[in-house]
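# Understanding the architecture of this molecule
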Amino acid sequence: MTKLLSPISLFYLAGNEFSCCQLLNIFSSFTELKPTHISWQPSVNASAHHTDKYANTELTVRRGQPFSITLYFNRQKHPGESLAFVTEIGPAPSESHRTRAVFNLSEVGASGWSAAQGPSESGHMTFIISSPANAIIGRYNLILQVNSGNKIFSRFLGQFVILFNPWCPGDDVYIANENERQEYVLNENGIIFVGNAKYIEARGWYYGQFQDKLLNTCLTMLDLSLYYRQDPAVDVSRRGDPKYVGRVISSMINGNDNDNGVLLGKWQGSFHSHENPSRWDGSVVILQKWCQDNYKPVQYGQCWVFAGVMCTVLRCLGIPTRLVSNFNSAHDVDRNLSIDKYYDSSGKSLNTSKDSTWDYHVWNESWFIRPDLGTRYNGWQVLDATPQEQSKGLFQCGPASVVAIKEGDVDLDYDTLFVYTEVNADCNRWIVYSDGTKKRVYCDTEIIGRFISTKAVGSNSRVDITYNYKYPEGSPEERRVYKKALAKIFGSRITEGHTASPHERPSEAIRNPGISGKFKLAEPPVFGKDINLILILNNLSTDRKTVKVDISASSVLYTRRAVAEILKANTSVDLGPKQEKHIRLKIPYAYYGKYLTTDKRIQITALCEVMHVHGVKLLVEKTIILEDTNIIIKIPRRVVVNRAATIEISYANPLPEPVDRCVLLVTLMNQQVKIHLARLAARERSRIYFEFTPRRIGPLQLQVDFSCNKFSHVKGFVTIVVAPA
């Protein structure tokens, strides 16, 4: 072992006199080169990598793109000394798993990582480090190696985070249009379309993907997954693949697998001890509560809440993502491309079928390529975190290529068949008689998958993307794809009933009753007022007919599950040849008020039986959404950063009776103010004035939620564009 000589020994052995400076220079040649501190150049890197909105302080960059750091050393680097960097991620970094990379200065390593020296001065050196476009995303350790002779000294420099990069052409998530990158990656404000196919409403949602600690929460979510618990090293090694990360996140947004998921779903019953899903206006408060409660699932969510939170997480990690609403969305439990619903002989809906059709269902689309399927299937991929069915043992769904769904390639990964049925299944209605026998009275091949909607790029407008998912209903292409899907499901076991076109189905299944009918609203249905409808019946033949009509009305959820029966009535109508008759029906507020849920939906059915013709019946059905009295938000003509602005908020009691315990929740960028209000008399409207000071320029979404003792979660929102001073 060689003894390190001291400066005094050097002076004596040399036999000469040296200045102190010379002595220090001589001694430095024997001193290990060490970095004393590091500058991550946060402002320069964050701006170049589009990560300047993240509230976290650690360096956050995107893969496939260089970033700069500056190291300060205890002395200058000597000839013969060389530098290298090491990046490590995960619990057991290894080069075989691509979770560890060693790369010398000015060389591109086998891993795709590289480092080059930039402009430097005495005492410090700037380095430009580049990651490969397929790098694993997550939190890395950065280590400096100093090679001097046959010795290697390693120094830990710190940690940084790498995200997916939609700006990098080599990244699987690359999206070419800058406006789309701004919308699907950087926009913190969203719109969710709810309601039903005939009454589509817009609801505001704050994603807040850049808020404080959110990025750390999203990375922790990956580490809590069952995928990670099963094999941490392999799980981390796969996090460079957006389809893998998307699938893992879809399993973690719901808590149905005992995996510390974010949300539990609930669609019926009381929410008194926890949060009604309608209460949520954004993702941040949900994710914060999840962390505060030590990763115990938050109670409760429904489909739009799962989708909103998932969009936050995926955008935070850098995957372009948007919300999609499918109206008349099917859940085909037995995978036969048919949704079966049952009614009793009076027309009352029976909750006996495992199949269901929801007024709407909200899922996510993420943008990335599919090398596992082929380039044809690149682009938007469906991911769905709502826990409807297990996929390979977990409550997860997707990614399913939207192209594969449209083309009926239901055998492709992942869960393409499930999503295909959500937008394409046929709809059958059955009457169940008292002796248990069933009779199919209605089949509709076009009702499922209507007005598939998403938010427009750069505005709050609704864009219809139905054509992305399916060919026009009834077209030759649509029928071709339907038969193709059936063939992939049943193979050689396809029956005549499966393959027949809608107009060629067996006559014994459905007999033409010779009449038609529909419900029509006499006036817009407003919560708190009586509902007036007209049942219009038409005799399509030249024969006289007597029609017995059984009418039933129930409050329902947006999943169309009946909650409580509101009304039953029956009548008889004589129809002359080609005659049309109107049956007027009133549902008073006193009948329905106490039975409504926050969904404010009533389903009315009329079972019309042509007398003296055995088994010939017509089922007429309509779902009514009661309109809330609008919350009116008035904003100043111009709102300027760092200047106080006053907003007028108008709210009302639409009921024919007074309400009390009135509360207004005003939310802006996850900051919420709770305002207790005076009681309101019947039909009374009031207003308050709310002052705030915006601290940054650009669009902000202000959300208002009004509740009282008689109803809850009446919502309104407005987008405020904050101008520079």
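Quick notes on the rules
- Counting restarts for each chain, with residues numbered from 1 along the sequence as it is written.
- Only residues with pLDDT of 70 or above have their local features reported here, since the model is predicted, and side-chain atom pairs are shown and tallied only from 80 upward, although totals for entire chains, interfaces and linings are computed over all residues.
- Remark: hydrogens and water are excluded; side-chain values derive from all non-hydrogen atoms of the structure.
- By definition, two strands form a pair when at least two bridges between them are found by DSSP.
- Secondary structure elements follow DSSP: runs of H or I of four or more residues count as helices, runs of E of two or more count as strands, with numbering from the N terminus.
- Orientation is described by axes fitted as lines to C-alpha atoms, over the contacting stretch for helices, and by angles from 0 to 180 degrees between their N-to-C directions.
- Pairs were defined over the aromatic rings of Phe, Tyr and Trp, the Trp ring being its six-membered one, requiring ring centres within 6.5 Å. Orientation was assigned from the angle between planes: stacked under 30 degrees, edge-to-face over 60, tilted for the rest.
- Only protein chains enter the calculation, and the probe is 1.4 Å; a residue is then buried if its accessible area is under 20% of its type maximum, exposed if over 50%, and partly exposed in between.
- Joining through side-chain atoms within 4.5 Å is the link that ties buried Ala, Val, Leu, Ile, Met, Phe, Trp, Tyr and Cys residues into a set, and such a set is a nonpolar core.
- The pLDDT value expresses, per residue, how confident the predictor is, ranging between 0 and 100.
- Should any heavy atoms of two residues lie within 4.5 Å, those residues are counted as being in contact.
- Counted as salt bridges are all cases of a side-chain nitrogen of Lys or Arg within 4 Å of a carboxyl oxygen of Asp or Glu.
- Here the term cavity refers to a set of points on a 1 Å grid, laid over the protein atoms alone, in which a 1.4 Å probe fits but cannot get out; the term pocket refers to an open set having protein on both sides within 12 Å along at least five of seven lines, with lining residues being those that place an atom within 4 Å of a point.
- Grid points are joined across faces, edges and corners, and a volume is the space filled by probe spheres set on the points.

Attention shifts here to the sheet that holds strand β24 (residues 515–521). Pairing is antiparallel across the open sheet formed by 3 strands, whose spatial order is β24-β25-β28. On the outer flanks of this sheet lie β24 and β28 (580–587), each paired with one strand and no other. Neighbour to neighbour, the strand axes of the sheet diverge by 20° on average, direction disregarded. Bridge analysis of strand β25 (residues 531–539) against β28 gives 8 bridges, and the strand direction is antiparallel. If you follow N532 over to β28, its bridge partner there is K586.

Turning next to the sheet that holds strand β30 (residues 617–625). Sheet strands pair by backbone hydrogen bonding; their relative direction is either parallel or antiparallel. The strand order across the open sheet formed by 4 strands is β27-β26-β29-β30, and the pairing between neighbours is antiparallel. Either end of the sheet is taken by a strand with one partner, and the two such strands are β27 (562–575) and β30. With direction set aside, neighbouring strand axes in the sheet form an average angle of 15°. Sheet analysis places strand β26 (residues 545–556) next to strand β29 (residues 601–610), joined by 10 bridges and oriented antiparallel. Within β29, the residue paired with S555 across the bridge is I602.

Throughout the structure, instances matching the rule amount to 28 aromatic pairs. Aromatic pair Y227 and Y244: ring centres 5.6 Å apart, planes at 80°, arrangement edge-to-face. Here Y227 is found in helix α6 (residues 226–230), whereas its partner Y244 is found in helix α8 (residues 242–253), with 17 residues between them in sequence. A relative accessible area of 22% means that Y227 is categorised as partly exposed. Ring centres of F527 and Y589 lie 6.4 Å apart, and the angle between their planes is 75°; on these two criteria the pair is classed as edge-to-face. Remark: Y589 occurs in helix α16 (residues 589–592) and F527 occurs in the loop between β24 and β25; sequence separation between them is 62 residues.

One broad trend across soluble globular proteins is that nonpolar side chains are buried collectively. Among the nonpolar cores identified, the biggest contains 125 residues, and I253, V549, Y592, L664, L702 and F706 are the most heavily contacted of them. When residues of this core are assigned to their parent elements, the largest contribution, 12 residues, is made by helix α10 (residues 303–317). L83, L105, W113 and L144 belong to the second-largest nonpolar core, a separate cluster that totals 30 residues.

A word on the confidence of the model for the chain. When pLDDT is averaged along the chain, the result is 90, and 93% of the positions lie at 70 or above. In this model residues 20–24 is a low-confidence stretch, pLDDT under 50, and it forms 3 contacts with partners more than four residues away in sequence or in other chains. Predicted confidence for residues 495–511 stays below pLDDT 50, and this span has 23 contacts to residues more than four positions away or in other chains.

What follows covers the pattern of salt bridges. It is possible for side chains of opposite charge to pair when their charged atoms get near one another. Here the structure, examined in full by the defined rule, presents 37 salt bridges. Here E183 ties to K455 by a salt bridge, and the two come within 3.0 Å at their closest N and O atoms. Linking E183 in helix α4 (residues 178–186) with K455 in strand β22 (residues 450–455), this pair joins segments that are 272 residues apart in sequence. For E183, a relative accessible area of 5% gives the class buried. The buried category is assigned to K455, whose relative accessible area is 10%.

A cis amide bond links Q299 to the next residue, Y300, at an omega of 10°. Within the secondary structure layout, Y300 lies in strand β13 (residues 298–301). For the peptide bond that leads from G398 to P399, omega is 5°, which places it in the cis range. If you trace the backbone, P399 turns up in the loop between β18 (379–383) and β19 (400–401).

So, on to the pairing of strand β15 (residues 338–344). The buried count for β15 comes to 7 of 7 residues, which makes it a mostly enclosed element. The alternating pattern of β15 places S338, D340, Y342 and D344 and I339, K341 and Y343 on opposite faces, both of which are buried. Sheet topology places β15 next to strand β20 (residues 426–432); 7 bridges connect them, and they run parallel. Among the inter-strand pairings, I339 is bridged to a residue of β20, identified as C427.

On to the layout of surface pockets, then. Space inside the largest pocket adds up to approximately 1100 Å³. Taken together, 40 residues make up the lining of the largest pocket; nearest its centre are H272, N276, T598, S712 and H713. Listing elements by their share of the lining of the largest pocket, those giving two or more residues are β27, α16, β34 (662–668) and β37 (698–707). Computed from the structure, the second largest pocket encloses a volume of approximately 790 Å³. Residue assignment for the lining of the second largest pocket shows that the elements contributing at least two residues are β17 (356–368), β20, β21 (438–444), β22, β24 and β30. Broken down by element, the residue count for the lining of the second largest pocket peaks at 7 residues, all from β30.

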